[in-house]
Amino acid sequence: MESNTKVWIKKRNRWFSGIIVSKNEDQVLIKFDHNKKTEIIDNFSNIKLKNQNCDNVNDLMNLQHLNEPSMLNALFNRYKKNTIYTYTGPILIAINPFKNLEIYDDGNIKNFNNNQIENPHLYGVVSKVYENIKKNKGNQSVLISGNSGSGKTFSTRYIMKYLSKVSSNFDTNENTVERKLLESNPILEAFGNAKTLMNDNSSRFGKYIKIFFDDDSKITGANIETYLLEKIRLINQKDGERNFHIFYLILLGMSNSDKQKYSITKVDDYRILSNSKCYLRDDGISDKSQYEELIQSFHIMNFTEVDIENIFLIISAILHLGNIVIKDNQVIDSFSLKCASKMLSIEYADLKRCFLQKEITVHGETFIKPLKDIESYNVITTMMKVIYENMFNWIVKKINKNFIKTDYNQFIGLLDIFGFEVFHKNNFEQICINYANESLQQQFNKYILKNEQKLYEEEQIEWDFIDFPDNKECLDLFEFKTHGLLSKFDEECLFPNGNDNALYDKICKYSESRDSLNITNMERIDKLFTIEHYPGKVTYNIHGFVAKNKDILNNCAVKCLFKSNNKIFKTFDKNLLLSLTTLSSISISKQFQNQLKDLLGTINKTTPHYIRCLKPNDKNKPDSFQNNQIVNQLKYSGVLEAIKISRHGYPIRMAHEDFNDKYYMLFDKVDFDNKQLISILKNEKLEIDTGKYQVGITKIFLKKDDYEKIELMRNNLLNKSAITIQKIFKGWRIKNWYISYKKSVIVAQKYARAYLARQKVKRMRQNLASIKIQSLFRGYMIRKNYKRAIKLIIFIQRRVRQKIKKRKYRDNYENYCATKIKSIWKMYIIRKHFIQYRNRVIVIQCHIKILLAKNLLIKLRNEKYNLDKLKNQNDLLQNNLNSLQEDYLKQQALMNQMRMKMKQQERESFQKEQNSQLLNEQNSEKIEDVLYKNFELSNIINDYKQNEEESNQLLEDATIQNNQDAETKLLLAMKINELLLKHNNAVEELRRLRANDNNVSLFTFIRQFFQ
Ligand SMILES: Nc1ncnc2c1ncn2[C@@H]1O[C@H](COP(=O)(O)OP(=O)(O)OP(=O)(O)O)[C@@H](O)[C@H]1O
Ligand SMILES: [Mg+2]
């Protein structure tokens, strides 16, 4: 097994396919197909080679690697497609589909009969068999075996149908042998079949049906031989199983009037039917319809009404016998006994006596001895079994009478026999059945060997003795004269006190000298023994072996049966019945061995054809394939053994064409020339020992080693070539891929970049737009807020200014009012003072004037004298006054200038105040004060002006009076001078204060000035 070899791997009893990744001496690294996981396997026996193509092989022998998983896989693949038949060399494997496949119709029969179909099929085998008959190739037999429920009886029935149809040219009317042959089945199945856990219509007997053909290959007759009827079923059935069908057929199918005739009622009234609590079949077939079919078949098979009545009487009698209860040597249920005696046509008293007593003859004297209850029960059950078995044999004979023909040419034997059985508990029946299968297997092995040898001869290859696997050892274990197991079973029955324990001791002793018989210490405790059969080991339980191997009836019972008026009883073999009363009678195992010997003798004289029926699942369900079930059955049916044999000599055989097709790459030139192949195979390059292979006419025969060597070389070559091809292909593929990928990438990049650029531009636009919107919005918001703030500020400013203005105005107004009041008050005071002063002055003046007038008069009188002089003086004064007036005007101009400057300063200070209003609020008060002072000053100035005007007025008045009073003028002039001086001082002081900007001092000064 090299790397990259496809294999099957067994894990947890299941086969998985995989491939060998790597291998060393102890371990193999496998990669499983189903989950792609790798695993190290160290048990090489769990790895089997997998075939390249095993989906549809008609013959499993064509599989290169014929191992368990490959076979299973091939069978499963076919089963899935409803192809239930597959060849394995000479064996036809039939897998029960448990569904109607419609492949058995007349059309198919015709096609197979005309050799138009080569696919594996039941009809294919029969057509070959019938062809041999037609070609006069001698007797043929078809051996059908398999597990219970695998389809043996079904296949037998369809083979019979095929043969009937082709032999009668599809004209099977009621009276032809062919029709009768088919009609025998319902009768045999009614009496020999029963519902079991495995099969609702299980054949509880083996049968070999010989179908005779005349020179024209027409069916002329038939003969049915039966084997090992399961009589014990009459007494006991497993839970869920039934007794033989016939009991249910009559109880469920018969009319009530007929039932009365046989004193029978309903199914659950009979102990032998109600024990297992199962009354109905599960396969949907009704017992009533089967009853009608049975009656019809009886008529076709020439059973008279009396025959049928006798049969039913016996069946009813068995039902009644099964109901008899005996306690303390008394019959408890006399009704059942009476019915039984009536049905059996035996006197009630005779029947009762034979169940309760036995006759013992000692020295010619006969004694009557009462039976123990258990012995009575044994007599009843044995009588039931004997009656049923004999009746069954009678029915078979009666059927056979329909076909008896002595002048036949050839026959086809159909063997429908139980397959190898392994149950949880294996009893006497299983050992007989398995022994029969061992015998048939040996016959089969010999046949395969013969075939192999025939093949070698046909292929003209040199061959010596080939060592084939054999089951002789196991058969000897059974058949060895005097010591064999069958002899021991027989021998034990001959002893009066023979029992299972004594037999077991003998078997234990025997096991010491036999390899295929093993008994472990544990098995000894449970009275078990294990036999190594060809498919594997089977453990048997000794319990009931002796009793089952021999039915012992007492004299009375046998005499009773002789006395019966039933016609069927008259046909019972008297000697055989009598032999049941003696110990020397032939045992069942012996009978079976003899029958088997005859059967094998017959089969050996025929050309055998093998059909192995397989049951794909336990549940009898369609489309369910259980690998384990199939593997076991392949093993038990001997298919694996057959393969072993055919592959033992030269296990690998290949047609030249196939060899060439497969291995041509190893050689420079190969054709189908035998010599050349030989020379090629001798080629040193192949390193094959010439003795280990054979080149036949059409085939090459190889031993496994050689085959593996060639296979290895081929695999290596293929691997190398595959790697080269893969390398080139992968390179090419990668290059192509790269180019197209690059192109695609560029296109993708182009689109991606364009897309990204578009996205970027879009994003930028969006950003710009959003910034714009933001800026506009923010602008709008800020503007809005600004406008609102401005509005608010303006509003506040307005309000504040309004307030300030109002306050200022109010203050101004207050100041004004105060000033006004003050000025009025001051004026009033001044005026008052002035008026007082004036009045005083006037008074004084009056006084003075009087005085003066007096003086003046004097003076005038003097002046009159000095008038000129005075006149001059007056002129001088006039000039002085003019100069004074000029000075006054100058002073007034200066004052105007000062006023202008003051106004200018006022404006500037107001401007300054406005400019520094916000920054220099603290100074605003001062400025306001200054302004106020200015204002006061201006008021003062105004006052002064007023004063001046008044002075002017006064001056004018004085001037007027000047003429009148020179003194007054002088005084006035003095006063004016004084005032002017004061005024000048005030102006000087004002200037100085202004220059110093000393508001406080200015203010103080002004206040002082006016005080
Ligand atoms: N080829 C088939 N096509 C359809 N159904 C089949 C086929 N073979 C068998 N069967 C079904 O399987 C059932 C059991 O088959 P059959 O009675 O032939 O088994 P058997 O091998 O004779 O069993 P036993 O050993 O218990 O007698 C049949 O009743 C039938 O329904
Ligand atoms: Mg059957």
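Note that residues are indexed from 1 along each chain, following the sequence as it is written. As a convention, the first chain written is A and the first ligand written is 1, with the rest following in written order. Side-chain atom pairs in this predicted model are given and counted only at pLDDT of 80 or more, local residue features only at pLDDT of at least 70, and totals for whole chains, interfaces and linings cover all residues. As a rule here, side-chain values cover all heavy atoms of the structure and leave hydrogens and water aside.

Novice: How should the overall build of the protein be read in this particular structure?
Specialist: Counting its regular elements, the protein contains 31 helices and 24 strands. Here's how the labels work: a residue is buried when its accessible area is under 20% of the maximum for its type, exposed when over 50%, partly exposed in between, all with a 1.4 Å probe on protein chains only. For the protein, the proportion of its 1011 residues judged to be buried stands at 44%. Each accessible area value is a Shrake-Rupley result obtained with a 1.4 Å probe; residue values ignore everything except the protein chains displayed when judging cover. Looking at the protein as shown, the accessible area adds up to about 55600 Å², and 53% of this sits on carbon and sulfur atoms. A run of H or I in DSSP counts as a helix once it spans at least four residues, and a run of E counts as a strand once it spans at least two, with each numbered from the N terminus.

Novice: Would you take a moment to explain the site of ligand 1 for this structure?
Specialist: Proximity is defined per residue: any heavy atom of the residue falling within 4 Å of a molecule or strand makes that residue near it. The full set close to ligand 1 counts 18 residues, and Tyr104, Ser148, Lys152, Thr153 and Ser202 are the nearest of them. The contact in question runs from an oxygen atom of ligand 1 to an N or O atom on the side chain of Asn96, over 2.8 Å. Two N or O atoms count as a polar contact when they lie within 3.5 Å, although within protein this holds only if one can serve as hydrogen donor and the other as acceptor, and sequence-adjacent residues are included solely when both atoms are side-chain atoms. Gly151 places a polar main-chain atom, nitrogen or oxygen, 3.0 Å from an oxygen atom of ligand 1. Relative to its unbound accessible surface of 630 Å², ligand 1 loses 85% to contact with the protein. Looking at the shell around ligand 1, the elements with two or more residues in it are α4 (152–167) and β10 (202–203). A per-element tally of the shell around ligand 1 places α4 first, with three residues.

Novice: Would you mind going over the sheet that holds strand β3 (residues 28–32) with me for this structure?
Specialist: Each strand in a sheet pairs with another by means of backbone hydrogen bonds, the pair being arranged parallel or else antiparallel. A pair of strands is treated as paired once DSSP finds two or more bridges between them. A sheet is described by the order of its strands in space; here five strands give the open sequence β4-β3-β2-β1-β5, paired in antiparallel fashion. The open sheet has two edge strands, β4 (38–41) and β5 (47–49), and neither has a second partner. Going from strand to strand, the sheet's axes swing by 45° on average, the running direction of each strand aside. Two elements, strand β2 (residues 14–23) and β3, share five bridges in a ladder whose sense is antiparallel. Note that in β3 the partner of Gly18 across the bridge is Phe32. The convention used is that axes are lines fitted to C-alpha atoms, helices contributing only their stretch in contact, and that angles between N-to-C directions extend from 0 to 180 degrees.

Novice: How should I be thinking about the pattern of salt bridges in this particular structure?
Specialist: Pairing is possible between side chains of opposite charge, provided their charged atoms come close. The salt bridge definition used is simple: a Lys or Arg side-chain nitrogen within 4 Å of an Asp or Glu carboxyl oxygen. This model, assessed by the stated rule, comprises 27 salt bridges. Residues Glu473 and Arg514 are paired through a salt bridge, measuring 3.6 Å at the closest nitrogen-oxygen approach. In this pair, Glu473 sits in helix α15 (residues 472–479) while Arg514 sits in the loop between α17 (500–511) and β18 (517–518), placing the two residues 41 residues apart along the sequence. Salt bridges sharing common partners tie together Arg204, Glu230, Arg233 and Glu241.

Novice: What is the right way to look at the confidence of the model for the protein in this model?
Specialist: Segments scoring low in pLDDT should not have their predicted coordinates read at a detailed level. Confidence scores labelled pLDDT are given residue by residue by the predictor and lie between 0 and 100. Of the residues in the protein, 87% have a pLDDT of 70 or more, and the chain-wide mean is 83. Model confidence for the protein, summarised as mean pLDDT per element, is weakest for helix α31 (residues 999–1010) at 58 and strongest for helix α6 (residues 245–253) at 95.

Novice: How do you make sense of a positive patch on the surface when you look at a structure like this?
Specialist: There is a patch of like positive charges on the surface, built from Lys134, Lys135, Lys137, Lys450 and Lys454. A residue is classified by how much of its surface remains accessible, and Lys137, at 53% relative accessible area, is exposed. Only residues whose relative accessible area exceeds 30% and that form no salt bridge are eligible for patches; like-charged ones are grouped when within 9 Å, while nonpolar side chains (Val, Leu, Ile, Met, Phe, Trp, Tyr) are grouped when within 5 Å. When charges are counted, neither His nor the chain ends are considered; positive counts come from Lys and Arg and negative counts from Asp and Glu. Every charge is mapped to an atom, namely NZ of Lys, CZ of Arg, CG of Asp or CD of Glu.

Novice: Sorry, what's going on with the nonpolar core here?
Specialist: One recurring pattern in soluble globular proteins: nonpolar side chains tend to sit buried together. Judged by nonpolar contacts, the single largest core of 184 residues is most densely connected at Phe191, Phe247, Ile311, Phe312, Phe355, Tyr388 and Phe529. The leading source of residues in this core is helix α13 (residues 373–401), at 13 residues. Only heavy atoms enter the contact rule, under which two residues are in contact if any of them lie within 4.5 Å. Leaving out residues up to four positions away in the same chain, Phe312 has contacts with Ile246, Ile250, Met254, Tyr262, Tyr291, Ile295 and Phe298. By convention a nonpolar core is built from buried Ala, Val, Leu, Ile, Met, Phe, Trp, Tyr and Cys residues, the set being connected through side-chain atoms within 4.5 Å.

Novice: Even after reading the chapter, I still don't get the packing of helix α10 (residues 305–323) against helix α11 (residues 334–344), so can you show me in this structure?
Specialist: For any two helices packed against each other, the geometry is given by the interaxial angle and the distance between the axes. Where α10 contacts α11, the axes come no closer than 8 Å and their chain directions differ by 160°. Relative to α11, α10 is oriented roughly antiparallel. Here α10 runs over α11; the crossing is left-handed. Note on element contacts: α11 touches α10 through Ser336, Cys339, Ala340, Met343 and Leu344, opposite Leu313, Ser316, Ala317, His320, Leu321 and Asn323. In terms of residue class, the contact of α10 with α11 is made up of seven nonpolar, four polar and no charged. Convention used here: angles under 35 degrees read as roughly parallel, angles over 145 as roughly antiparallel, angles from 65 to 115 as roughly perpendicular, and any remaining angle as oblique. By convention the crossing between two helices is left-handed if the near helix lies anticlockwise of the far one by an angle smaller than a right angle, and right-handed if it lies clockwise. Charged residues are taken to be Asp, Glu, Lys and Arg, nonpolar residues to be Ala, Val, Leu, Ile, Met, Phe, Trp, Tyr, Cys and Pro, and polar residues to be all remaining types, Gly included.

Novice: What am I meant to see in the coordination of the magnesium ion (ligand 2) here?
Specialist: Donor atoms are limited to N, O and S found within 2.8 Å of the metal ion, a distance that becomes 3.2 Å for Na, K and Ca. With water left out, some sites might look partial. Taken together, the protein donors to the magnesium ion (ligand 2) comprise Thr153 (OG1) and Ser203 (OG), at separations of 1.8 to 2.0 Å. Of the two residues, Thr153 sits in helix α4 while Ser203 sits in strand β10, which places them 50 residues apart along the sequence. Pair check on accessibility: Thr153 and Ser203 agree, each one buried.

Novice: Quick question: what am I supposed to make of the packing of aromatic side chains here?
Specialist: Here a ring pair, both rings aromatic, is described through the centre-centre distance and the interplanar angle of the planes. Classification of ring pairs uses Phe, Tyr and Trp, with its six-membered ring standing for Trp, and accepts pairs whose centres are within 6.5 Å; under 30 degrees between planes counts as stacked, over 60 as edge-to-face, and the remaining range as tilted. Under the definition given, this model contains 35 aromatic pairs. Look at Phe191 and Phe298: their rings are 6.2 Å apart centre to centre, the planes differ by 55°, and that puts the pair in the tilted class. Of this pair, Phe191 sits in helix α5 (residues 177–192) while Phe298 is found in helix α9 (residues 287–300), placing the two residues 107 residues apart along the sequence. Summarising the burial analysis for this pair, Phe191 and Phe298 share the class buried. Here the aromatic rings of Trp825 and Tyr828 are separated by 5.5 Å at their centres, their planes lie at 35°, and the arrangement is tilted. You can see Trp825 and its partner Tyr828 sitting in helix α28 (residues 704–915), three residues apart, about one turn around the helix.

Novice: I would appreciate a short explanation of unusual backbone geometry in the present structure.
Specialist: For residues other than glycine, phi is negative in most cases, and the peptide bonds are mostly trans. A positive phi angle, close to 55°, is found at Glu102, a residue other than glycine. Tracing the backbone shows Glu102 in the loop between β7 (91–95) and α2 (106–113). Backbone geometry places Asn620, a non-glycine residue, at a positive phi of 55°. As for its position among the elements, Asn620 is in the loop between β21 (607–614) and α24 (627–636). The class for Asn620 is partly exposed, based on a relative accessible area of 27%.

Novice: Whenever I open this one, the sheet that holds strand β11 (residues 206–213) confuses me. Can you help?
Specialist: Spatially, seven strands are ordered β6-β7-β21-β8-β17-β11-β12 in an open sheet, and the strand pairing comes out mixed. If you trace the sheet from one side to the other, it starts and ends with β6 (85–88) and β12 (219–227), each paired once. Ignoring strand direction, the axes of neighbouring strands in this sheet form an average angle of 20°. Pairing of β6 with β7, which is carried by four bridges, proceeds in the antiparallel orientation. Its bridge partner lying in β7, Thr86 is registered against Ile93. Where α5 meets the sheet, its contacts fall on β11 and β12, and the angle it forms with β12 comes to roughly 20°. Against the sheet, α24 engages β7 and β21, with an angle of about 160° to β21.

Novice: Help me out: how do you make sense of the pairing of strand β16 (residues 365–370) in this one?
Specialist: The side chains of a regular strand alternate, residue by residue, between the two faces of the sheet. Where strand β15 (residues 357–362) lies against β16, six bridges are found, and the strand directions are antiparallel. Counted as the bridge partner of Lys358 is Lys369 from β16. The hairpin turn running from β15 into β16, its antiparallel successor, is two residues long, and His363 in that turn takes a positive phi close to 50°.

Novice: Help me understand a nonpolar patch on the surface in this model?
Specialist: On the surface, a nonpolar cluster with roughly 550 Å² of combined accessible area is contributed by Ile734, Trp737, Tyr738, Ile739 and Tyr741. Among the secondary structure elements, Trp737 is positioned in helix α28.

Novice: Please clarify how α2 should be interpreted in this entry.
Specialist: Note on helix geometry: an α-helix contains 3.6 residues per turn, so any two residues three or four positions apart are oriented the same way. Every buried residue of α2 is listed here: Asn108, Ile109, Phe112 and Asn113. Taken end-on, α2 shows its buried residues confined to a sector of 130°, consistent with a single buried face. Residues of α2 that are buried sit in contact with α3 (122–134) and α4. Positioned one or two residues after α2, Asn115 has a phi angle of 55°, which is positive. As used here, the arc belongs to the directions running from the helix axis to the C-beta atoms.

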